[in-house]
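As a plain string of letters, each chain reads:
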Amino acid sequence: MRKTDCLLIAALALSVPLCARAADEAGKVIRIATDATDLVLTVGDNGRLYQSYLGPKLLDEADLGKLPWIRRGSGTPVPNQGWEVYSTSGNEDYFEPALGITHADGNPSTYLYYAGSRQEPVDGGTMTTVNLRDDKYPLDVTLYYVAYPKENVIKTWTDISHREKKPVRLSQYASAMLYFDEPEYYLTEFAGDWAREAQMTGQPLRFGKKVVDTKLGSRAAWFVSPLFEVGLDGPAREDTGRVLMGTLGWTGNFRFTFEVDNMGYLRVIPGINPYASVYELKSGDTFTTPEFIFTLSDRGTGQGSRDLHDWARRYSVKDGGADRLTLLNNWENTYFRFDQPLLASLMKDARSLGVDMFLLDDGWFGNKHPRNDDRAGLGDWEPNRVKLPGGIKALTDAARDAGVKFGLWIEPEMVSPRSELFEKHPDWAIRQPNRDTYYSRNQLVLDMSNPEVQDYVFGVIDGILTENPGVAYFKWDCNSPITNIYSPYLKDRQGNMYVDHVRGVYNVMERVSAKYPRVPMMLCSSGGARCDYEALKHFTEFWCSDNTDPLERVYIQWGFSHFFPAKAMASHVTSWNKSASIKFRTDVASMCRLGFDIGLQELDERELEFCRQAVANWKRLQPAIMDGTQYRLVSPYESNHAVVEYVDSDRRKGVVFAYNLAPRFRDPVRRVKLRGLDPAAGYRVAEINLMPGAKPSLAEHGATCSGDYLMKVGLDLLKADPATSTVVELTAL
Ligand code: GLA
């Protein structure tokens, strides 16, 4: 135990007032460090805790003690004002707080004093725990920071608990708070809509607040993903410049507040969106915020993404180190119209394509109210006896006979008003007791704050897997936001609904993960409306978008790739844009976890042969595409092309995907310089994913080029032909 800790405990015993004890700690420094970044907290003379530094790693430890905790400035009216680490409502700070509490006696102010800290090793890094306490109320706030040195990622969250006589009301409960002092700030947000996910747009941040939030409850990221970038020396760039990249691990309403104050300082406040959610916290209970994950790059978003990818695969995506399954899905091929023989023949198609699995989508369940369209059946997870007389067992048997695995679509948190579940348990649905019900996609959201409902939903998945151990994969969908905002279970605590609902969803996901750790799962929400690192602890990948038009998909994948490794992103070849060649569609899907959602009867023999070859290529190149280092070389936002390169960990294998989107007449096309190769190695250059009989277009095809040449001179990868693509495999000799 350190001397300061002993002093603190001794002081506690003597019951010296908390603020005085904390002031004794003045000047204490807490360093949260990765190999490239320092976040430093300092106890002020007043015993409160301030951010004294966040930026590139400081070289000399002795400098930490000199860092200022007071931010003086011409406009600052209060002399002791600094960047309080977790600023609270009712204090002397005039800008947005992280925490807002109304105490049991009605007092809305909170002052937090330093009460101790410790550091301990955890998987991949060091966890710093900081205890803060109000001096007038029995309220504790604990800040957690886990720093991952190698990946330059920090994740942080907060616990709030109290021992007041009655519940307190939380009106704000951010995960963290970070401050910056730069001449300008430039935000990139990832907004869009259904089939238009993660579109990147930028804007400068000026005085006042910019809020990026969602209040959809479930299917929460329909209009905006929980991701942001702040360029700290101008708009964020790919390979140069300083940038903060942040994301919240929360599968519900989130809010990022960016506030520039009178001094030009920026505070970033990420957390759950407290919209309609004044949370009643009982005495003795702990409110744990979601994790906010961030990296601070001084080599642009490219480096930041690579760090996040490494971190995610190692610590935050289910089975981050394992291979992914290629698959054939039936959704866009059959929609709800299928039966057992048809599915059995699709399984054979999957086999002939060379993919690992057949995935049965929506429409396989419901008997009294068969799921033959999207107006009935959700909640009744019994195989439909007309379509599937042999049940799931017959399907897993057929898959085994065909030589592929079998995966199943579920949407377990939902209920159709036309279902036996709703007939039995109308009170299990989130629904207004005294108003007309309105629907999104003709369905309602189950009240996941209710433990009975959690048990039921877990039971659905548990039941399927217990009865059918042959089910090897789930696609877990979520197609409705919360409508008719009222939890029958929470009754007079409706302020807790949005939060407790998500916690109920996690309760089920955690139980499924614990009992079935080896079942990979795809997270889906009408496309990419669920894409966060908390859910991904339980899912191997997420479905980026229902939009599989390759021209659009390039942008969607480009946006998500800023935060997620290709391994966590599912992409399928479909018929969304029939005018695009099967090669272009497949080349775009091959950048992520590859799948197909197309009727093979649509393809002629040559196209089919191409697809088989592309699947085999993808499987061979999986170590580079799924586990390698990604370089975004040419941006579709800055040109009419896109180029993405992957290099495996020992730089022996590289894959380059080059896309010509909608080039204009005589658009200049430049050679593309590659990255991340061994300059001294010779690489055999091979154009792959060629249509049978097609000639390679790349001059260097078949040649051996040094890594040095490929990185300094580059390859002539781009063309002016719209909707075409070139894929190149590099093999070190
Ligand atoms: C959502 C998904 C689709 C498909 C349908 C089924 O829209 O995004 O991929 O599974 O549901 O109803």
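Residues numbered from 1 in each chain as written. Predicted model: local features only at pLDDT ≥ 70, side-chain atom pairs only at ≥ 80, totals over all residues. Heavy atoms only, no water.

Further remarks concern the environment of Pro636. With respect to the element layout, Pro636 can be found in the loop between strand 31 (629-634) and strand 32 (641-647). Under the relative-accessibility criterion, Pro636 is labelled buried at 4%. For the pair formed by Pro636 and Val669, sequence separation is 33 residues and the distance between their alpha carbons is 13 Å. Each residue touching Pro636, except ones within four places of it in the same chain, is listed here: Val554, Tyr555, Trp558, His641, Ala642 and Leu661. (Helix = DSSP H or I, 4+ residues; strand = E, 2+ residues; numbered from the N terminus. Buried < 20%, exposed > 50% of the residue type's maximum accessible area, 1.4 Å probe, protein only. Contact = heavy atoms within 4.5 Å.)

Turning next to the pattern of salt bridges. Close approach of charged atoms allows side chains with opposite charge to pair. Evaluation of the coordinates by the stated rule reveals 47 salt bridges. Its salt-bridge partner being Arg671, residue Glu700 comes within 2.9 Å of it at the nearest N-O pair. Of this pair, Glu700 sits in the loop between strand 34 (682-688) and strand 35 (704-706) while Arg671 sits in the loop between strand 33 (653-660) and strand 34, and the two are 29 residues apart along the sequence. Overall, the relative accessible area of 9% leaves Glu700 in the buried class. On the accessibility criterion, Arg671 (35% relative accessible area) is partly exposed. Connected through salt bridges with shared partners, the residues Lys155, Glu291, Glu534 and Lys537 form a single ionic network. (Salt bridge = Lys/Arg side-chain N within 4 Å of Asp/Glu carboxyl O.)

Turning our attention to the confidence of the model for the protein chain. Of the residues in the protein chain, 97% reach a pLDDT of 70 or more, and the chain-wide mean stands at 95. Throughout residues 1-14 the model reports pLDDT below 50, and contacts reaching past four residues in sequence, or to other chains, amount to 15 contacts. (pLDDT = per-residue confidence, 0-100.)

Within the open sheet, the four strands sit side by side as 10-17-16-13. Their pairing is antiparallel. Looking along the sheet, the strands with just one partner apiece sit at the ends: strand 10 (178-181) and strand 13 (208-213). Pairwise comparison of adjacent strand axes, ignoring direction, gives a mean angle of 15 degrees for this sheet. With six bridges joining them, strand 13 and strand 16 (residues 254-260) adopt antiparallel strand pairing. Across the sheet, residue Gly208 finds its bridge partner in strand 16, namely Val260. (Pairing = 2+ DSSP bridges. Axes fitted to C-alpha atoms, helices over the stretch in contact; angles between N-to-C directions.)

Let us look at the site of the ligand. Around the ligand sit 13 residues, and of these Asp361, Asp362, Lys475, Asp477 and Asp546 come closest. A distance of 3.2 Å separates an oxygen atom of the ligand from a polar atom in the side chain of Asn479. Across the complex, the protein chains shield 95% of the 310 Å² of accessible surface that the ligand would expose by itself. The residue makeup of the shell around the ligand, split by class, is four nonpolar, three polar and six charged. (Near = heavy atom within 4 Å. Polar contact = N/O pair within 3.5 Å; in protein donor to acceptor, adjacent residues only side chain to side chain. Areas by Shrake-Rupley, 256 points an atom, 1.4 Å probe, with all protein chains shown as cover. Nonpolar A, V, L, I, M, F, W, Y, C, P; charged D, E, K, R; others polar.)

The first and last C-alpha atoms of helix 5 (residues 340-353) sit 20 Å apart over 14 residues, in line with the 20 Å expected at 1.5 Å per residue. Those residues of helix 5 not exposed but buried are Leu343, Leu346, Met347, Ala350 and Leu353. Along the axis of helix 5, the buried positions cluster into a sector of 120 degrees, meaning they face one direction only. Within helix 5, the exposed residues directed more than 90 degrees away from the buried face are Pro341 and Lys348. Among the residues trailing helix 5, Gly354 stands out with phi positive, at a value near 95 degrees. (Expected span 1.5 Å × (residues − 1). Arc of directions from axis to C-beta.)

The next point concerns the pairing of strand 26 (residues 471-476). Taking burial as the measure, the six residues of strand 26 include six buried ones, the bulk of the element. In the sheet, strand 23 (residues 405-410) pairs with strand 26 via five bridges, with the strands oriented parallel. Note on strand 26: the bridge partner recorded for Gly407 is Tyr473. Here strand 26 pairs with strand 27 (residues 521-523) via three bridges, running parallel. Counterpart to Trp476 in the pairing with strand 27 is Leu523. Crossover connection from strand 26 via helix 9 (residues 497-515) to parallel strand 27: handedness right-handed. (Right-handed = clockwise from strand over helix to strand, strands pointing away.)

Taken as a whole, this structure holds 36 aromatic pairs when the rule is applied. Both rings, one in Tyr144 and one in Trp157, keep their centres 4.9 Å apart while their planes meet at 10 degrees; by these two values the pair is stacked. Taken as a pair, Tyr144 in strand 7 (residues 139-148) and Trp157 in strand 8 (residues 153-162) lie far apart in primary sequence, 13 residues in all. Like Tyr144, the residue Trp157 is buried in the burial classification. Ring geometry for Trp364 and Trp381: centres 5.8 Å apart, planes at 45 degrees, overall tilted. With Trp364 in the loop between strand 22 (357-360) and helix 6 (391-402) and Trp381 in the loop between strand 22 and helix 6, the pair connects residues that are 17 residues apart, well separated along the chain. Cluster of aromatic residues (ring-pair linked, three or more members): Tyr148, Trp311, Tyr315, Tyr533, Phe542, Phe560 and Phe564. A cation sits over an aromatic face here: Lys475 above Trp543, 5.9 Å from the ring centre. (Phe/Tyr/Trp six-rings, centres within 6.5 Å; stacked < 30°, edge-to-face > 60°. Lys NZ or Arg CZ within 6 Å of the ring centre and 35° of its normal.)

The next subject is the packing of helix 8 (residues 451-467) against helix 9. Put simply, helix 8 and helix 9 touch, their axes get as near as 9 Å, and they point 35 degrees apart. In this structure, helix 8 meets helix 9 at a crossing whose hand is right-handed. Residues Gln454, Asp455, Val457, Phe458, Ile461 and Asp462 of helix 8 form the contact with helix 9, whose participating residues are Gly504, Asn507, Val508, Arg511, Val512 and Lys515. Per-class residue counts for the contact of helix 8 with helix 9 are five nonpolar, three polar and four charged. (Left-handed = near helix turned anticlockwise from the far one by under 90°.)

Take the sheet that holds strand 18 (residues 279-281) next. In space, the three strands of this open sheet follow the order 4-9-18, with antiparallel pairing throughout. Of all the strands in the sheet, just strand 4 (99-102) and strand 18 have a single pairing partner and so form its edges. Across the sheet, the axes of successive neighbouring strands diverge by a mean angle of 35 degrees, strand direction being ignored.

With that out of the way, let us pick up the pairing of strand 31. Relative to strand 32, strand 31 is paired through five bridges, and the arrangement is antiparallel. By the bridge assignment for strand 32, Arg632 is matched with Val644. Where strand 31 hands over to strand 32, the hairpin turn is made up of six residues, counted between the paired strands.

The next subject is helix 12 (residues 605-625). The largest bend in helix 12 amounts to roughly 40 degrees and is located at Lys619, with the proline Pro623 lying one to four residues further along. When we look at burial in helix 12, the residues that qualify are Leu608, Phe610, Cys611, Ala614, Val615, Asn617, Trp618, Leu621, Gln622, Ala624 and Ile625. The opening residue of helix 12, the one whose side-chain oxygen lies 3.1 Å from the backbone nitrogen of Arg606, is Asp604. (Bend = angle between axes of the 7 residues up to and from the residue.)

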